[in-house]
Amino acid sequence: MKIKTRFAPSPTGHLHIGGLRTALFNFLFARHHGGAFIVRIEDTDRARTVPGTQEEILAILKRAGLTYDEGPDVDGKYGPYVQSERTELYRKYAEKLVASGHAYWCLCSVERLEKMREEQKKRSEMPKYDGHCRDAHCSPEGAVLRLKIPAGRTIAFNDAIRGDVSFASNDVDDQVLLKSDGFPTYHLANIVDDHLMEITHVIRGEEWLSSTPKHLLLYEAFGWKPPTFAHLPLILSGEGGKLSKRSGHAAAIDYFEQGYLSEAILNFLVLLGWNPGGEREVYSLKELIEVFDLAKVNKSGAVFSLDKLDWLAHEHMKQADPKRLVKLVEPFLKKKGLEPPRNLADILRVEQQRVATLSEVGEETQFVFVDELNYKPALLVAKKSNTEEAKDRLGKTQAFLTKLSEKEWGTATLEKKLLAWIKEHTLGNSQTLWPLRVALTGREKSPGPFEAAALLGKERTIERVEDAIQRLSS
Ligand code: GLU
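The structure displayed is predicted, hence computed values, not measured ones. (Residues numbered from 1 in each chain as written. Predicted model: local features only at pLDDT ≥ 70, side-chain atom pairs only at ≥ 80, totals over all residues. Heavy atoms only, no water.)

A. Fine view of the overall build of the protein chain. Within the protein chain, the secondary structure is distributed over 17 helices and 14 strands. For 474 residues, the compact-globule estimate of 2.2 N^0.38 gives 23 Å, and the protein chain exceeds it by more than 25% at 31 Å. C-alpha extents for the protein chain along the principal axes are approximately 100 × 50 × 45 Å. Across the 474 residues of the protein chain, 50% fall into the buried class. Across the protein chain, contacts joining residues at least 24 apart in sequence account for 75% of those joining residues at least 6 apart. Accessible surface for the protein chain amounts to roughly 23400 Å². Of this, 50% is attributable to carbon and sulfur atoms. On the protein chain, the mean spot of the 67 positive side-chain charges and the mean spot of the 67 negative ones are 2 Å from each other. (Helix = DSSP H or I, 4+ residues; strand = E, 2+ residues; numbered from the N terminus. Rg over C-alpha atoms; globule rule 2.2 N^0.38 Å. Buried < 20%, exposed > 50% of the residue type's maximum accessible area, 1.4 Å probe, protein only. Contact = heavy atoms within 4.5 Å. Areas by Shrake-Rupley, 256 points an atom, 1.4 Å probe, with all protein chains shown as cover. Lys, Arg positive; Asp, Glu negative; His and termini not counted. Charge placed at Lys NZ, Arg CZ, Asp CG, Glu CD.)

B. Fine view of the site of the ligand. In the region of the ligand, the neighbouring residues are Arg6, Ala8, Ser10, Glu42, Tyr186, Asn190, Arg204 and Trp208. Within the backbone of Ala8, an N or O atom sits 2.8 Å from a nitrogen atom of the ligand. Within the side chain of Glu42, a nitrogen or oxygen atom sits 2.6 Å from a nitrogen atom of the ligand. Calculation on the ligand without its partners gives an accessible area of 300 Å², and the protein chains cover 85% of this total. For the shell around the ligand, the class distribution of residues is 3 nonpolar, 2 polar and 3 charged. (Near = heavy atom within 4 Å. Polar contact = N/O pair within 3.5 Å; in protein donor to acceptor, adjacent residues only side chain to side chain. Nonpolar A, V, L, I, M, F, W, Y, C, P; charged D, E, K, R; others polar.)

C. Local environment of the environment of Asn158. Tracing the sequence through the fold places Asn158 in strand β8 (residues 154–159). As for Asn158 and Ile462, which are separated by 304 residues in sequence, their C-alpha atoms are 72 Å apart. Separated by 2.8 Å, the side chains of Asn158 and Asp164 make a polar contact.

D. Molecular detail of the pairing of strand β9 (residues 163–168). With 6 bridges connecting them, β8 and β9 associate as antiparallel partners. The partner of Asp159 across the bridge, within β9, is Gly163. Two successive antiparallel strands, β8 and β9, enclose a turn made up of 3 residues. (Pairing = 2+ DSSP bridges.)

E. Focus on the pattern of salt bridges. Counted according to the given criterion, the structure contains 25 salt bridges. Of the charged contacts, one joins Arg31 and Asp69 as a salt bridge, the two residues approaching to 2.9 Å between their closest N and O atoms. Of this pair, Arg31 sits in helix α1 (residues 17–32) while Asp69 sits in the loop between α2 (53–64) and β3 (73–74), and the two are 38 residues apart along the sequence. A relative accessible area of 22% means that Arg31 is categorised as partly exposed. Between Arg123 and Glu125 there is a salt bridge, with the nearest N and O atoms lying 2.9 Å from each other. Given the relative accessible area of 37%, Glu125 is considered partly exposed. A single salt-bridge network, built from bridges that share partners, covers Arg6, Arg40, Glu42, Arg86, Asp193 and Asp194. (Salt bridge = Lys/Arg side-chain N within 4 Å of Asp/Glu carboxyl O.)

F. Spatial organisation of the environment of Asp171. Here Asp171 is to be found in the loop between β9 and β10 (176–178). According to the relative accessible area criterion, Asp171 is partly exposed, its value standing at 48%. Along the backbone, Asp171 and Leu97 are 74 residues apart, and their C-alpha atoms lie at a distance of 21 Å. Once residues lying within four places of it in the same chain are set aside, the contact partners of Asp171 are Met126 and Lys128.

G. Structural detail: a negative patch on the surface. Taken together, the side chains of Glu111, Glu114, Glu118 and Glu119 define an acidic patch exposed on the protein surface. Relative to the helices and strands, Glu118 resides in helix α4 (residues 110–122). (Patch = residues over 30% accessible without salt bridge, like charges linked within 9 Å, V, L, I, M, F, W, Y side chains within 5 Å.)

H. Representation of helix α15 (residues 411–424) in the model. Taking 1.5 Å as the rise per residue, α15 with 14 residues should run 20 Å; its terminal C-alpha atoms sit 20 Å apart, in good agreement. Against α14 (387–403), α16 (429–441) and α17 (449–473) lie the buried residues of α15. Positive backbone phi, at 40°, marks Thr426, one or two positions downstream of α15. (Expected span 1.5 Å × (residues − 1).)

I. The arrangement of the sheet that holds strand β2 (residues 36–41) in detail. The 3 strands lie next to each other as β1-β2-β5, forming an open sheet whose pairing is parallel. Looking at which strands have only one partner, the edges of the open sheet turn out to be β1 (4–7) and β5 (81–82). As paired elements, β1 and β2 share 4 bridges and run parallel to each other. Opposite Phe7, over in β2, you have Val39 as the bridge partner. In this fold α1 packs onto β1 and β2, with an angle of close to 165° to the strand it touches most, β1. (Axes fitted to C-alpha atoms, helices over the stretch in contact; angles between N-to-C directions.)

J. Looking closely at the packing of aromatic side chains. By the definition in use, this model includes 13 aromatic pairs. Summarising the aromatic geometry, the rings of Tyr93 and Phe222 are spaced 5.9 Å apart at their centres and angled 80° between planes, so their arrangement reads as edge-to-face. On the criterion of sequence distance, the pair formed by Tyr93 in helix α3 (residues 87–99) and Phe222 in helix α6 (residues 212–222) is long-range, its members being 129 residues apart. Of the two residues, Tyr93 and Phe222, both sit in the buried class. Taking 5.8 Å as the distance between ring centres and 70° as the angle between the ring planes, the aromatic pair formed by Trp274 and Tyr283 counts as edge-to-face. The exposure classification of Trp274 matches that of Tyr283, with both residues buried. An aromatic cluster is built from Phe25, Trp274, Tyr283 and Phe292, whose rings are joined through pairwise contacts. Its guanidinium or amino end placed over the ring of Phe25, Arg21 lies 5.9 Å from that ring's centre, counting from NZ or CZ. (Phe/Tyr/Trp six-rings, centres within 6.5 Å; stacked < 30°, edge-to-face > 60°. Lys NZ or Arg CZ within 6 Å of the ring centre and 35° of its normal.)

K. Broad picture of the sheet that holds strand β6 (residues 103–106). Spatial strand order, β6-β7-β10: 3 strands in an open sheet with antiparallel pairing. In this open sheet, the two edge strands, each paired with only one partner strand, are β6 and β10. For this sheet, the mean angle separating the axes of adjacent strands, direction not counted, is 40°.

L. Spotlight on the nonpolar core. Ranked by size, the top nonpolar core spans 105 residues in total, and within it Leu20 and Leu66 carry the most contacts. If you tally residues by element for this core, the top one is α17, at 10 residues. Excluding anything up to four places from it in sequence, Leu20 contacts Leu15, Ile60, Leu61, Leu66, Ala252, Phe256, Ile265 and Leu269. Of all hydrophobic cores here, the second largest spans 44 residues; its members include Cys138, Phe157, Ile199 and Trp224. (Core = buried A, V, L, I, M, F, W, Y, C linked by side-chain atoms within 4.5 Å.)

Right, here's the structure in full:
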């Protein structure tokens, strides 16, 4: 049978980083097995649906490169399935459950249900519908539809990650399947769609584990074969406890906006629960598709670490194609008010060895983007040197550099020529190169003088050295 997975987010707020991990695992599993991956928007809870979040979810999937294989036609491309456009269907299936005696209409008022729950609480019982309407044959008008959970059963299944899991049916609530507004609840719509869409593997977060017995009973009631379930471990914050909205690291969009490369975000997420074994940790999306294996997903909670993300981000940044980075970095530079220069790819070649995120680009190489440097002349003087010496070296360097041709203007050649010349004339490396580097960058810490000169080009380099000499003379 062809493997098919789905990502089924509810658009009720920013996509949680754990949601993106769920999407990734479903995508990887399907792709690894040559199967299909679909996206389904579960928006039947009208009260909780937040406008704009469906768009955000889809935009993030696109940015992350998690493409899907089928769906309704939207502008000539596959769109996601959207449950609110399919409500008729769920009603039809709900009626079947009524007819077969697996579901019943319930007219209990909110007040009655509240009172019931309070009394259960007083008796320290688990809050659960008491079955008041089970045999009452309520009319469907204004009623909710509930699943009739059979008493005294053990509901067991084999989870692809957690192994054998079982629940006592007596602990399971008579779940509402249709609300009084006619909309299905998540449980009904989710099962009907998973069946009709021929989903073979449901890979989702651990928080859904307790819903699984209800889902299995629904499959049984319909007479359908359930898919394989795999429940991913919780994501724990570094301080212990679940990674929550409050911890500030929960929204997936934030990571993209902070300038993490998508391959770094995905690599980070896959390691939250999946461990390939061995030392290797850095993988591209393509490599992940090759090696991903559901059997290697852990069931214990995965601890979230920003340091780990930064490390992975830097590794991916170093490997990224500078030409691709040019496009990606432009919006970040614009946000800083920096105009992208023509030799941006060259700048990125230097920057990518130092930074972890796109938003850091331009911090250390700001000197290339600006016309005027702002620094104190004293910074031009190396330790154990003096103003006269700095001025002397800058003058000599200027004369030497002027004689070099444009062709020789590259980091490696500049390094070779300058070092040989310094040695020949015993000018001293630090006495000569420190003032040169500061003249070019205006900073105490920056890329080295050869890289800086190469990025600036001959004309700007000579101008900056001249400017430094003037600063020391006044
Ligand atoms: N709509 C559910 C969610 O928001 C889907 C859960 C599932 O995958 O079954 O996560």
